[in-house]
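A look at the structure
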Amino acid sequence: MSDMQELKNRRQQLMQTMDVGIAVIPTAPEAIRNRDSHYPYRFDSYFYYLSGFKEPESVLVLIAGTTPKSILFCRDKDMEREIWDGFRYGADAAREALGFDEAYSISELDAVMLKLLANQPKLFFSLGDSAAWDARVTGWLNSLRSQARNGVSVPDDMVDVRKLVDEMRLYKSPVEQAIMRRSADIAAAAHNRAMQFTKSGMMEYEVEAEFLHEFYRKGAQSPAYTSIVAGGANACTLHYNANNTQLNAGDLLLIDAGCELDGYASDITRTFPINGKFSAAQKDVYELVLAAQYAAIAKVSPQQHWNAPHEAALDVLIQGFIDFGWCKGSKDAVLESGAYRQFYMHRTGHWLGLDVHDAGEYKDKQGDWRILSPGMALTVEPGCYIRPADNVTKDFWNIGIRIEDDVLVTQQGCEVITAKAVKTVTDIEALMKAN
Ligand code: GLY
Ligand code: MN
Ligand code: MN
């Protein structure tokens, strides 16, 4: 299936789900970083999923009903601007390239939308996502209301279009899975590269630079999120990203880093000893977290519910915390009281896709955890973070470990698409020794 056919199918599927009405899906605005410098542009994930179009100042409009229609509004071709900023498709070429039924200049949006919105029964729009777009759409509706005496009716029902697309985005097609595997491969190679590169005395940002080097040289467009490169005690700060501390022999280094390739995120965490050899205490905790991760991955399979991997990881971790003497009482009691949260305070994963924390509900309409099925993509990322505390002996203090892989649900079970990033104690020590 060509990408264009897949994009057309997605739009068609959404219009079928809408049944009647009109959807308005703008892309993300450009953002100023400071003065006249911009952040690198990133399109809106919903817009991109349905359009495949990467340029800013674009809007997708879908009209459901007996003759469904897809319409793109985008920037005009503009030789002067293209000399400065680069290529722009313009409406005609964008329509051809991505298979829209119609395409117009973004400068015609207000005028065309007033015609398209008139007499539509339902509006599908992400109200509340952007104050500017809320105001623009409200302006169109008010304008139409003022024409009521001419017999024009205004959509009297508004639906959040994201809810409908979330359900579609949850199931990755073979085309998406192929991109996710490539994104995972690049990130896995970067983690292996970092293990080979790291030496005590280096700064965390030197290791971060290895990631960026590997991401860009393999064709990824960006890191998928700000990389966490956390040596020693920094690993116990879950969202640490200052990445400016010197690395000490004897400490662990936790790295949570993934790239974005053609829109799709990878999200991998590895934790390894800076001097290439785990201490006894580090190894004990590492093996516990790894056992929790294997137990969780074993629960990623069709018919299991979303929370089963988390429950499996917790079961292993809590038993470990009791065996270490850090938590007292039975497993059930520790689970019930939440005492384990001293060491494990986050969940074991999230959906993964165009967004690193991807779209999609975790519960069904009845409020039950949703059932996993083929095509879903998620992370599995248990951890253990030990801040200095009276109930833990000193040799464990400041150990922070997380092991995170990206997993696709398959017919039989699952595929760990980040498996190339080494993660057993033996493999890590062997890779680091080979330097
Ligand atoms: N890197 C973000 C996360 O692991 O959820
Ligand atoms: Mn994650
Ligand atoms: Mn992560």
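What you see is a predicted model, and the numbers here were worked out from it, not measured in a lab. (Residues numbered from 1 in each chain as written. Chains lettered and ligands numbered in written order. Predicted model: local features only at pLDDT ≥ 70, side-chain atom pairs only at ≥ 80, totals over all residues. Heavy atoms only, no water.)

For the chain, the count of helices and strands is 13 helices and 19 strands. Relative to its 435 residues, the chain shows a buried fraction of 53%. Of the contacts formed within the chain by residues at least 6 apart in sequence, a portion of 71% connects residues at least 24 apart. With an accessible surface of roughly 19700 Å², the chain has 51% of that area assigned to carbon and sulfur atoms. In the chain, which carries 45 positive and 59 negative side-chain charges, the distance between the mean positions of the two groups comes to 1 Å. (Helix = DSSP H or I, 4+ residues; strand = E, 2+ residues; numbered from the N terminus. Buried < 20%, exposed > 50% of the residue type's maximum accessible area, 1.4 Å probe, protein only. Contact = heavy atoms within 4.5 Å. Areas by Shrake-Rupley, 256 points an atom, 1.4 Å probe, with all protein chains shown as cover. Lys, Arg positive; Asp, Glu negative; His and termini not counted. Charge placed at Lys NZ, Arg CZ, Asp CG, Glu CD.)

Another point: the coordination of the manganese ion (ligand 2). Coordination sphere of the manganese ion (ligand 2), protein contribution only: Asp267 (OD), His350 (NE2), Glu381 (OE) and Glu404 (OE), at 2.0 to 2.3 Å. Taken together, the 6 donor atoms coordinating the manganese ion (ligand 2) span angles of 51 to 153 degrees at the metal, a pattern that classifies the geometry as irregular. A separation of 3.3 Å is found between the manganese ion (ligand 2) and the manganese ion (ligand 3), both of which receive a donor from Asp267. Of the two residues, Asp267 sits in the loop between strand E13 (264–265) and strand E14 (268–273) while His350 sits in the loop between helix H12 (331–337) and strand E15 (377–380), which places them 83 residues apart along the sequence. The exposure classification of Asp267 matches that of His350, with both residues buried. (Donors = N, O, S within 2.8 Å, 3.2 Å for Na, K, Ca; no water. Tetrahedral: all angles 85-135°; square planar, octahedral: opposite > 155°, others 65-115°.)

A turn of α-helix holds 3.6 residues, and therefore any two residues three or four places apart point the same way. Along its 16 residues, helix H1 (residues 3–18) runs 23 Å from first to last C-alpha, staying within 8% of the 22 Å computed at 1.5 Å per residue. Taken together, the buried positions of H1 are occupied by Glu6, Leu7, Arg10, Arg11, Leu14, Met15 and Met18. Where H1 ends, the next residue or the one after it, Asp19, has phi of about 75 degrees, a positive value. (Expected span 1.5 Å × (residues − 1).)

Moving on: the coordination of the manganese ion (ligand 3). On the protein side, the manganese ion (ligand 3) has Asp256 (OD), Asp256 (OD), Asp267 (OD) and Glu404 (OE) as donor atoms, found 2.0 to 2.4 Å from it. Here the manganese ion (ligand 3) binds 6 donor atoms, and the angle range of 57 to 170 degrees at the metal identifies the geometry as irregular. All donors to the manganese ion (ligand 3) come from one chain, and their sequence spacing reads D-x10-D-x136-E.

This part is about the site of ligand 1. Around ligand 1, the neighbouring residues are Tyr225, Asp256, Asp267, His350, His357, Glu381 and Glu404. Interatomic distance of 3.2 Å between a side-chain N/O atom of Asp267 and an oxygen atom of ligand 1. In this structure, His350 approaches ligand 1 through a side-chain N or O atom, which is 3.0 Å from an oxygen atom. Considering ligand 1 on its own, with 200 Å² of exposed area, one finds that the protein chains cover 82% of that surface. Tallied by class, residues from the shell around ligand 1 come to 1 nonpolar, 2 polar and 4 charged. (Near = heavy atom within 4 Å. Polar contact = N/O pair within 3.5 Å; in protein donor to acceptor, adjacent residues only side chain to side chain. Nonpolar A, V, L, I, M, F, W, Y, C, P; charged D, E, K, R; others polar.)

Inspection of the entire model under this criterion finds 15 aromatic pairs. Ring centres 5.9 Å apart and planes at 70 degrees place the aromatic pair Phe211 and Phe215 in the edge-to-face group. Note that Phe211 and Phe215 are positioned in helix H9 (residues 204–217) at a spacing of 4 residues, about one turn of the helix. You can call Phe211 buried: its relative accessible area is 0%. The buried category is assigned to Phe215, whose relative accessible area is 0%. (Phe/Tyr/Trp six-rings, centres within 6.5 Å; stacked < 30°, edge-to-face > 60°.)

At a minimum axis separation of 9 Å, helix H8 (residues 174–197) and H9 run at an interaxial angle of 145 degrees. Read as a crossing pair, H8 and H9 show a hand that is right-handed. Touching Ile186, Ala187, Ala189, Ala190, His191, Arg193, Ala194 and Phe197 of H8 are Glu206, Val207, Glu210, Phe211, His213, Glu214, Phe215 and Arg217, all from H9. Residue composition of the contact of H8 with H9, by class: 9 nonpolar, 2 polar and 5 charged. (Axes fitted to C-alpha atoms, helices over the stretch in contact; angles between N-to-C directions. Left-handed = near helix turned anticlockwise from the far one by under 90°.)

The phi torsion at Asp19 lies on the positive side, around 75 degrees, for a residue other than glycine. Mapped onto the secondary structure, Asp19 falls in the loop between H1 and strand E1 (22–26). Even without a glycine there, the phi angle at Asn119 is positive, about 70 degrees. Inspection of the secondary structure puts Asn119 in the loop between helix H5 (109–117) and strand E7 (122–124).

So, about the sheet that holds E1. Strands belonging to one sheet form pairs held by backbone hydrogen bonds; the direction of such a pair is parallel or antiparallel. In space, the 6 strands of this open sheet follow the order E6-E5-E4-E1-E7-E8, with mixed pairing throughout. Edge positions in the sheet fall to strand E6 (102–105) and strand E8 (157–159), since each has one partner strand and no second. Each neighbouring strand pair of the sheet contributes to a mean axis angle of 20 degrees, computed without reference to strand direction. The pairing of strand E5 (residues 69–74) with E6 spans 4 bridges and is parallel. Bridging from a neighbouring strand, Ile71 pairs with Glu102 of E6. (Pairing = 2+ DSSP bridges.)

This part is about a nonpolar patch on the surface. A contiguous nonpolar surface patch, about 430 Å² in accessible area, is contributed by Met79, Ile83 and Trp84. Along the polypeptide, Trp84 turns up in helix H3 (residues 79–85). (Patch = residues over 30% accessible without salt bridge, like charges linked within 9 Å, V, L, I, M, F, W, Y side chains within 5 Å. Salt bridge = Lys/Arg side-chain N within 4 Å of Asp/Glu carboxyl O.)

Next up on the list: the sheet that holds strand E9 (residues 222–223). Pairing in this open sheet of 3 strands is antiparallel, and the strands run E9-E12-E13 from one edge to the other. Each edge of the sheet is formed by a strand with only one pairing partner; in this case those strands are E9 and E13. Sheet analysis places E9 next to strand E12 (residues 259–261), joined by 2 bridges and oriented antiparallel. In the strand pairing of E12, Pro223 is matched with Cys259. Seen against the sheet, H8 touches E12 and E13 and runs at an angle of roughly 145 degrees to E12.

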